[in-house]
Number of protein chains: 2
Amino acid sequence: MTTAFIALDWGTTSLRAWRIDEHGALLERRAGGPGIMKVADGAFAAALTDFCGDWLAAAPGARVIASGMIGSKQGWVEAPYCPCPAGAADLAARMAHAPLADGRRLAITPGVSTVDPATGLPDVMRGEETQVFGALPRAGQHLAILPGTHSKWARVADGRIESFATYMTGEMYGALVSHTILGRQIDAAAPHNAAAFERGARLGLSEPQALLARLFSPRTLGLFGQLAPAAAASYLSGLLIGSEVGHALAGTADNVAPVLLGDPQLSLRYATVLGLAGVAATLGDAEVAATGLYRLSGMGSGTADP
Amino acid sequence: MTTAFIALDWGTTSLRAWRIDEHGALLERRAGGPGIMKVADGAFAAALTDFCGDWLAAAPGARVIASGMIGSKQGWVEAPYCPCPAGAADLAARMAHAPLADGRRLAITPGVSTVDPATGLPDVMRGEETQVFGALPRAGQHLAILPGTHSKWARVADGRIESFATYMTGEMYGALVSHTILGRQIDAAAPHNAAAFERGARLGLSEPQALLARLFSPRTLGLFGQLAPAAAASYLSGLLIGSEVGHALAGTADNVAPVLLGDPQLSLRYATVLGLAGVAATLGDAEVAATGLYRLSGMGSGTADP
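(A) Spotlight on the pattern of salt bridges. All names here are of chain B. The full count for this structure, using the stated rule, is 20 salt bridges over all chains. A salt bridge links arginine 19 to glutamate 28, with the shortest nitrogen-to-oxygen separation between them at 3.0 Å. Its salt-bridge partner being arginine 214, residue glutamate 207 comes within 2.7 Å of it at the nearest N-O pair.

(B) Up close: the confidence of the model for chain A. Summary statistics for chain A give a mean pLDDT of 92 and a share of 96% for residues scoring 70 or more. Below a pLDDT of 50 lies the segment residues 299-306 of chain A, which in the model reaches 19 contacts outside its immediate sequence neighbourhood of four places, other chains included.

(C) Up close: the environment of arginine 202 of chain A. Residues and elements named next belong to chain A. In this fold, arginine 202 is placed in helix H5 (residues 194-206). In this structure, the C-alpha to C-alpha distance between arginine 202 and glycine 242, residues 40 residues apart in sequence, is 6.5 Å. One polar contact links arginine 202 to glutamate 198, side chain to side chain, over a distance of 2.9 Å.

(D) Structural view of the interface of chain B and chain A. Between chain B and chain A, the residue contacts involve 49 residues of the former and 49 residues of the latter. Summing both partners gives a buried area of about 4,000 Å² for chain B against chain A, and 74% of it is carried by carbon and sulfur. In this structure, the connection of chain B to chain A is made through two salt bridges. Ionic pairing is found between arginine 214 of chain A and aspartate 116 of chain B, a salt bridge with its closest N-O pair at 3.7 Å. The tally of links between chain B and chain A comes to seven residue pairs in polar contact (both at pLDDT 80 or more).

(E) Representation of helix H8 (residues 229-250) of chain A within the structure. In this model, H8 of chain A (22 residues) spans 32 Å end to end at C-alpha, consistent with the 32 Å of a helix rising 1.5 Å per residue. With 19 of its 22 residues buried, H8 of chain A lies for the most part within the structure.

(F) Representation of the relation of the copies chain B and chain A. The transformation that overlays chain B on chain A combines an axial shift of 0.0 Å with a rotation of 180°, and the residual RMSD is 0.0 Å. The transformation relating the two chain copies, once decomposed into turn and shift, fits a two-fold axis. For chain B, the minimum C-alpha distance to the rotation axis belongs to glutamine 209 of chain B and amounts to 1.7 Å.

(G) Geometry of the packing of aromatic side chains. Counting across every chain of the model gives twelve aromatic pairs over all chains. A ring pair is formed by phenylalanine 5 of chain A and tyrosine 294 of chain A, whose centres lie 5.3 Å apart and whose planes are at 85°; its orientation type is edge-to-face. Of this pair, phenylalanine 5 of chain A sits in strand S1 (residues 5-10) while tyrosine 294 of chain A sits in helix H10 (residues 288-299), and the two are 289 residues apart along the sequence. Its relative accessible area of 22% is what places tyrosine 294 of chain A among the partly exposed residues. These aromatic residues form a ring-pair network of at least three members: Trp10, Phe44 and Trp76 of chain A. Residue placement shows arginine 19 of chain A over the ring face of tryptophan 55 of chain A; its charged tip is 5.8 Å from the ring centre. Above the plane of the ring of tyrosine 81 of chain B lies arginine 126 of chain B, whose end atom (NZ or CZ) is 4.4 Å from the centre.

(H) Seen up close, the sheet that holds strand S2 (residues 14-20) of chain A. All names here are of chain A. Across the sheet, which stays open at both edges, the six strands sit in the order S3-S2-S1-S4-S8-S7 with mixed pairing between neighbours. Among the strands making up the open sheet, the edge pair consists of strand S3 (26-34) and strand S7 (96-99). The average undirected angle you get between the axes of adjacent strands in this sheet is 25°. Inspection of the sheet shows S1 paired to strand S4 (residues 63-67) by five bridges, in the parallel sense. Looking across to S4, one finds that isoleucine 6 is bridged to valine 64. Across the face of the sheet, helix H1 (residues 44-58) comes into contact with S1, S2, S3 and S4 while running at roughly 150° to S3.

(I) Structural view of the pairing of strand S9 (residues 112-115) of chain A. Residues and elements named next belong to chain A. Here strand S5 (residues 82-83) pairs with S9 via two bridges, running parallel. Following the sheet pairing, cysteine 82 is matched in S9 by valine 112. Bridge count for S9 against strand S10 (residues 122-125) is four bridges, and the pairing is antiparallel. Bridging across to S10, valine 112 finds its partner in methionine 125. Between S9 and S10, which follow one another and run antiparallel, lie six residues, and glycine 120 among them has a positive phi close to 75°.

(J) Representation of the pairing of strand S13 (residues 160-167) of chain B in the model. Residues and elements named next belong to chain B. Bridge count between strand S6 (residues 86-87) and S13: two bridges; the pairing is antiparallel. Residue pairing for S13: glycine 87 is matched across the bridge by arginine 160. Relative to S13, strand S12 (residues 151-157) runs antiparallel, the two being bridged by seven bridges. Paired with alanine 154 across the bridge in S13 is phenylalanine 164. Taking the residues that link successive antiparallel strands as the turn, the S12-S13 hairpin has two residues, and the phi of aspartate 158 there is positive, at about 50°.

Cut-offs used in this document
Residues numbered from 1 in each chain as written. Chains lettered and ligands numbered in written order. Predicted model: local features only at pLDDT ≥ 70, side-chain atom pairs only at ≥ 80, totals over all residues. Heavy atoms only, no water. Salt bridge = Lys/Arg side-chain N within 4 Å of Asp/Glu carboxyl O. pLDDT = per-residue confidence, 0-100. Contact = heavy atoms within 4.5 Å. Helix = DSSP H or I, 4+ residues; strand = E, 2+ residues; numbered from the N terminus. Polar contact = N/O pair within 3.5 Å; in protein donor to acceptor, adjacent residues only side chain to side chain. Buried area = accessible area lost by both parts, 1.4 Å probe. Expected span 1.5 Å × (residues − 1). Buried < 20%, exposed > 50% of the residue type's maximum accessible area, 1.4 Å probe, protein only. Least-squares fit on C-alpha atoms with pLDDT ≥ 70 in both. Phe/Tyr/Trp six-rings, centres within 6.5 Å; stacked < 30°, edge-to-face > 60°. Lys NZ or Arg CZ within 6 Å of the ring centre and 35° of its normal. Pairing = 2+ DSSP bridges. Axes fitted to C-alpha atoms, helices over the stretch in contact; angles between N-to-C directions.

Okay, structure coming up:
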């Protein structure tokens, strides 16, 4: 089949690529390329050629489109944030462009920004919007949860991201395990312990406002022999995800079933916590970024890739 | 004046000492000794002789008493936690003892433990109890706040610690600044910015349950030019202390005015946040540990230092 699009998910720490035909079908996937932090001196064009120069050479007529931190200030060409509500057409109309070695231009998807009406605080995503557009149908009300270093909870209505919120959950977990006293009593390499995870999750769900206090409990439970080092990582993970979910659900007045988009193991943990709170979630497709980029590319044909 | 007591505050990272006369008056103070982490191979007796061997030699009849992590599993001799409610006499009756080079014994104060009746979670302090006994009168209801790496909120009734809670606030601040993406936009060496501190504090006070989400705001405010790197450390400090105070005050049904015991600059920050919440706090004396150790020593004459 002919390659019509080459889609890139180019983030801080990794680069993935997909070949897609004119009907949106995936032809090939490739992972393991360098994230923007690993590309020295702005040599993004050369990094791209190294990673998928064969694809580019074999499909001289294909569009090339990227999303993720490649469009940030630290990336190749900055694609400023598109404010909410933001649909695929809104983003396609605001693509930035970077010159490729063969004369084509790489279209770079903007991130999305929002402002919390209650606090006036801004929030941003860059890369996750592509997963949202790839995973969700264009009609109806949806709630997408994208677990990760910085988890996102995005409300989507008729194909547009209406609002979203970021939680520092994943990065907080890493900092607590590696750089606080809690790490001394945590065997971070131990396998997942479902009972300890649920114990922490129930605590977080029931009282997210107590997080700063509850975070001391892996230590004190360990001191009194009530939490084994092999179970402590799962307990802490549950406590943090529970606190995130507890707060996020409190702002959810409707009955929209959330869709989880992200790493399958982590998504399962979120589904477990949501289940403890009585909310049934579905797991999305891991390849949604490619589908999202295809949709962005297809919708913005006049503007996105002239 | 004759030295009747030598009091030691021997923590994880530092060792301080005081000479005290028979009436409890401070004769001399000394700081800068090695914390237990800096004493290799359990050579605590030699470390103590290095630090205040002159005092010990000049006062062969003086009692010597210590509190802090020196009584932990990682310390010299373990002094197990004394459960709440715990008064000075309870602690004095449970002193551990370590032999000094000159034949005397060092009395080591136990820490204090409690169990949260709502969650069943244990909590511990070790060293702070001495400050509480030093600062507070023996009669009446009191609320002591000890800001720091692990902040403590202790309820005291008629000279006994009834219950307390620990918040990871100080250690969390350090981990966030040094080991997360927030650090990129924070000038941690900038002077205190009172307006940014108050801005963060109001946010934390009003919605402690949103902490995991609000922690992303130093980054997003920075991205949109709404928070300067020189103000971001104060903002984050306010957000964390505000979240601590917001949660802790919600569990405070009475009108007991809190007493702040700890580093004066940090105590002032807590007083500011408490003031934003309409609570007037008083600042305690920085030398309360010595007074507390004197009280512990004096009350337990039969048992504490036989």
